[in-house]
Amino acid sequence: MTQPAPASTQTGTATAESARAALLDLRAEIAKAVVGQEAVVSGLVIALLCRGHVLLEGVPGVAKTLLVRTLAAALQLEFKRVQFTPDLMPGDVTGSLVYDARTAAFAFREGPVFTNLMLADEINRTPPKTQAALLEAMEERQVSVDGDPRPLPDPFIVAATQNPIEYEGTYQLPEAQLDRFLLKLNVPLPPRDQEIAILNRHAHGFDPRDLSSIRPVAGPAELAAGREAVRQVLVADEVLGYIVDVVGATRQSPSLQLGVSPRGSTALLGTARSWAWLSGRNYVTPDDVKAMAKPTLRHRIALRPEAELEGATTDGVLDGILAAVPVPR
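Analysis parameters
- Residues numbered from 1 in each chain as written.
- Predicted model: local features only at pLDDT ≥ 70, side-chain atom pairs only at ≥ 80, totals over all residues.
- Heavy atoms only, no water.
- Helix = DSSP H or I, 4+ residues; strand = E, 2+ residues; numbered from the N terminus.
- Buried < 20%, exposed > 50% of the residue type's maximum accessible area, 1.4 Å probe, protein only.
- Pairing = 2+ DSSP bridges.
- Axes fitted to C-alpha atoms, helices over the stretch in contact; angles between N-to-C directions.
- Core = buried A, V, L, I, M, F, W, Y, C linked by side-chain atoms within 4.5 Å.
- Contact = heavy atoms within 4.5 Å.

In the nomenclature of an unreviewed UniProt entry, the protein chain is known as MoxR family ATPase of Mycolicibacterium komossense.

If you want it as structure tokens, here you go:
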């Protein structure tokens, strides 16, 4: 496969390089509070570059909330957290009209969705009506109240969490909402050496509620420069065809009852471009597509019941597809 020739202005390169260096510094800064989880940090940065949302799945106690809080502090982003519960109402998230006795008129009171980085904690514990209230915010970057659209801040992303093993009292996210998440990132339990490092920090007085040691290493300006640089990343026709072939294979797999839609194709293109840019290249390779395929596609497919009974997993099916689809040279 012929690689596209690099093409950029000197000014654009300097801006892009400084933005990339700042965003890569995030890993070291977040490591002051969170041990490990580098892949999850990279995924969150890619989501910010693509203006996408992230679903974080992991058992309780693996620092999902701490990770998002630390990311917001290191990026100088406004952060709000909402604990999703069965009695949470849509207006509790988006905001609502409140009667003001002083003016004898209704005024809009903004909900927690009006922020840069919103943590939707245990999103699957709230009923579908409240889950659906996030759809417009996630897709259109606005909230409509009484027919009046109100734009959300920029940047704006939702980082939602859910527990993969406890389903009692939960409401499964519908496919339409899952498809609005750019990435689904699995937050694993730490290996032995990292868990020892965690305990060592706590033994020396680390307080996860105190993030005063986290210094801002980037901000909205770097994110804007990074997004512009990602838009300039070149994609050869062969790579576009490879993305389409991978996505098409999910629609034909005998293990799946639901394949990836065209929205998933465009999402994979965006995440592969961001991964390529963070890796220091201005062109996408098939390896970039492979690197981002599972986090971008795993929540957009559904296993057949008989495949689940046989022990199949979405990641396993995607691994098989990536191994079978011919790679362009």
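Asker: Any chance you could explain the environment of glycine 248 here in plain terms?
Answerer: Its location among the elements puts glycine 248 in helix H9 (residues 237-252). Under the relative-accessibility criterion, glycine 248 is labelled buried at 18%. Taking C-alpha positions, glycine 248 is 50 Å from phenylalanine 106, a pair spaced 142 residues apart along the chain.

Asker: Any chance you could explain the sheet that holds strand E9 (residues 183-186) here in plain terms?
Answerer: Ordered by their spatial adjacency, five strands build an open sheet running E2-E5-E8-E1-E9, and the pairing between neighbours is parallel. In this open sheet, the two strands that pair with only one neighbour each are strand E2 (79-83) and E9. With direction set aside, neighbouring strand axes in the sheet form an average angle of 20°. With four bridges connecting them, strand E1 (residues 54-57) and strand E8 (residues 157-162) associate as parallel partners.

Asker: Just checking my understanding: could you explain the nonpolar core for this structure?
Answerer: Across soluble globular proteins, nonpolar side chains show a tendency to be buried alongside one another. Leu23, Leu26, Leu71, Leu75, Trp277 and Val289 are the most contacted members of the largest nonpolar core, which totals 71 residues. It is helix H2 (residues 38-50) that provides the largest number of residues to this core, a total of eight residues. Setting aside residues no more than four positions away along its own chain, leucine 75 makes contact with Leu23, Leu26, Leu48, Ala218, Gly219 and Pro220. Residues Val82, Leu88, Phe114 and Ile123 belong to the second largest nonpolar core, which totals 23 residues.

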